[in-house]
Amino acid sequence: MRTAYNVETVRAAERELMARLPEGTLMQRAAAGLATACAQLLGRVYGSRVVLLVGSGDNGGDALYAGARLARRGAGVTAVPLSPERAHEGGLGALRRAGGRVVGVAGARELIERADLVVDGIVGIGGKGGLRAEAVPLAEAAGRARAAVVAVDLPSGVDADTGEVRGAAVRADLTVTFGTHKPGLLVDPAREYAGSVRLVDIGLRPPDGDAEVEALQHADVAALLPVPAAESDKYRRGVVGVAAGSARYPGAAVLAVAGALRGGAGAVRYVGPAGDAVIARFPETLVSDQGPRRAGRVQAWVVGPGAGDDAGTVAEVLRADVPVLVDADGLRLAEAGVVRGRGAPTLLTPHAGEAAALLGVSREQVEGGRLAAVRELAKRYGATVLLKGSTTLVADPEGAAAVRVNPTGTGWLATAGSGDVLSGLAGSLLAAGLSARDAGSVGAYLHGLAGRFAADGAPVGALDVAGAIPGAWRGVARG
């Protein structure tokens with residue numbers, strides 16, 4: 001599992017480690033890892049042209065010492081301190097002794113245009129807001145240049161704790177981060193600026209249980225997948241109810257059922273006006289037109305996809321004493337007080353636009369501050385919230401556990417009905433016995449993989465994604 005810690009926790013762990021090490025050891029470890037990553041990206045170090053954009057903190061010192069290592073291997077390294085009087089003296093001295101140059105900002109843009117590699121050491125993890133005015137032209141020049149851009153610990157201008165980007169920021173091809181991930185490296189919009197991320201072990205050990213964000217990996221998901229035992233029947237495996245679709249949107253019901261059938265539950269009960277369309281596509285579905293209360297035994301419900309204005313069905317499902325997943329129209333129709341008052345778990349699955357409507361803010365605010373939005377929704381509704389998007393987030397209602405970020409998403413999932421498939425899939429996992437947090441996290445992980453497998457570099461429809469879920473499941477289970 002990848003875990004990410006806030007700046008305060010990282011700083012405390014750094015202080016504790018530095019107290020046990022000779023002075024400067026931690027920076028040398030970071031510089032060694034950074035130089036190695038830069039050398040691998042360059043391929044051929046000797047004769048390459050490297051420009052270091054150097055700020056006034058330890059971040060700039062890391063860049064300078066890494067630059068000295070590259071210079072000793074034959075690279076032409078030029079440092080551009082943005083505040084020369086505050087640049088790291090030891091790093092500047094090491095670079096000069098290795099044959100590197102130090103120049104002013106005035107001619108930096110021409111150097112960047114000719115460079116093979118630009119190292120962003122402008123601002124460290126403590127930076128807030130966008131880049132300062134004097135750094136913006138350099139970041140823009142790096143973005144236009146043919147050079148690869150490597151960020152030191154975090155792209156300058158992004159917020160390490162929140163993943164927000166409030167102003168101009170460096171766009172990196174590679175971010176080399178030290179000791180542990182930071183939330184901004186895993187959560188958009190900052191994640192998009194980070195490029196590929198490489199974690200360098202410098203001996204840092206943040207305290208267990210204090211992570212702000214975590215990202216499941218294959219092994220974590222495999223351990224959570226519900227696997228039937230020899231004596232399992234459909235009820236032991238879990239039966240999920242799907243209350244979805246309408247005369248206008250029968251396809252939403254078909255897609256939610258498709259996701260549910262492939263989500264690990266023993267059976268799917270469908271309730272709603274699209275029964276004929278569902279049974280024609282999936283004859284194994286148990287279809288009823290008598291409403292949720294008379295549908296038969298279920299261990300979880302999915303409600304809302306394509307429901308239109310059917311508030312009665314949403315309210316009836318929310319009264320059930322089983323886990324409930326609420327999506328799409330159901331989010332608009334579910335009363336916050338009713339959701340908060342439920343005794344059984346609730347999982348809400350909005351996209352950014354739906355989350356904005358629930359919070360009474362703009363979509364841009366949600367997309368720009370995804371961590372804050374998902375936490376606020378979970379707190380306001382007393383429910384687990386899965387915020388869909390470029391980086392899908394899952395937050396629990398108490399706020400004690402780390403927010404989970406899904407690492408498998410793909411832009412090919414931005415297609416009509418994809419969310420309905422995810423709802424059915426996660427609802428089936430709820431019925432199989434997973435907690436709301438685990439069901440949302442595992443569902444998003446499998447859904448993202450299925451989207452990648454189904455697309456394989458070309459456009460796909462939502463039903464194709466549903467069909468690829470078993471392959472994603474097998475891939476995770478086999479490691």
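As a reminder, the structure under discussion sits directly above these lines.
Calculation criteria
Residues numbered from 1 in each chain as written. Predicted model: local features only at pLDDT ≥ 70, side-chain atom pairs only at ≥ 80, totals over all residues. Heavy atoms only, no water. Core = buried A, V, L, I, M, F, W, Y, C linked by side-chain atoms within 4.5 Å. Buried < 20%, exposed > 50% of the residue type's maximum accessible area, 1.4 Å probe, protein only. Helix = DSSP H or I, 4+ residues; strand = E, 2+ residues; numbered from the N terminus. Contact = heavy atoms within 4.5 Å. Pairing = 2+ DSSP bridges. Axes fitted to C-alpha atoms, helices over the stretch in contact; angles between N-to-C directions. Parallel < 35°, antiparallel > 145°, perpendicular 65-115°, else oblique. Left-handed = near helix turned anticlockwise from the far one by under 90°. Nonpolar A, V, L, I, M, F, W, Y, C, P; charged D, E, K, R; others polar. Expected span 1.5 Å × (residues − 1). Salt bridge = Lys/Arg side-chain N within 4 Å of Asp/Glu carboxyl O.

**Notes on the nonpolar core**
- Counting 56 residues, the largest nonpolar core has Leu34, Val50, Leu52 and Val119 as the members making the most contacts within it.
- Ranked by residues supplied to this core, first place goes to helix H2 (residues 25-42) with ten residues.
- For Leu34, the residues in contact, after removing those within four places along its chain, are Asp62, Ala63, Ala66, Val119, Val150, Val152, Val176 and Phe178.

**Thoughts on helix H15 (residues 352-359)**
- Burial of H15 is extensive: six of the eight residues sit out of reach of the surface.
- Every buried residue of H15 is listed here: Ala352, Glu354, Ala355, Ala356, Leu358 and Leu359.
- Gly360 sits one or two positions beyond H15 and adopts a positive phi of about 75°.

**Focus: the sheet that holds strand S8 (residues 196-200)**
- Strand order in this open sheet of seven strands is S4-S3-S2-S5-S6-S7-S8, and the pairing throughout is parallel. The open sheet is flanked by strand S4 (101-102) and S8, the only strands paired with a single partner.
- In terms of strand pairing, strand S2 (residues 49-54) meets strand S3 (residues 76-81) through six bridges, oriented parallel. The residue bridging Val54 from the neighbouring strand is Pro81, located in S3.

**Quick look at the packing of helix H19 (residues 436-455) against helix H21 (residues 469-477)**
- Running from N to C, H19 and H21 cross one another at 115°; their axes reach a closest spacing of 8 Å. The orientation of H19 relative to H21 falls into the category roughly perpendicular. The interaxial crossing formed by H19 with H21 has right-handed handedness. Packed against H19, whose contacting residues are Tyr445, Leu446, Leu449, Ala450 and Phe453, the element H21 presents Ile469, Gly471, Ala472, Trp473 and Val476 at the interface.
- Of the residues contributing to the contact of H19 with H21, the split by class is nine nonpolar, one polar and no charged.

**Examining H2**
- Helix length check: H2, at 18 residues, gives a terminal C-alpha distance of 26 Å against a target of 26 Å (1.5 Å per residue), a fit within 8%.
- Those residues of H2 that sit buried are Leu26, Met27, Ala30, Ala31, Gly33, Leu34, Ala35, Ala37, Cys38, Ala39 and Leu42.
- Gly43 sits one or two positions beyond H2 and adopts a positive phi of about 85°.

**Details of the environment of Gly368**
- Its location among the elements puts Gly368 in helix H16 (residues 363-368).
- With 341 residues separating them along the chain, Gly368 and Met27 place their C-alpha atoms 32 Å apart.
- Residues contacting Gly368, with those up to four places away along its chain left out, are Glu164 and Pro189.

**A word on the pattern of salt bridges**
- Overall, the coordinates contain 23 salt bridges when judged by the stated rule.
- Across the pair Asp161 and Lys128 runs a salt bridge whose closest N-O atoms are separated by 3.9 Å. Here Asp161, found in the loop between strand S6 (148-152) and strand S7 (174-178), pairs with Lys128, found in the loop between strand S5 (117-121) and helix H6 (136-144); they are 33 residues apart in sequence, far enough to count as distant.
- On the basis of relative accessibility, which here comes to 22%, the residue Asp161 falls in the partly exposed class.
- Measuring nitrogen to oxygen at the nearest pair gives 2.9 Å for the salt bridge that ties Asp153 to Lys182.

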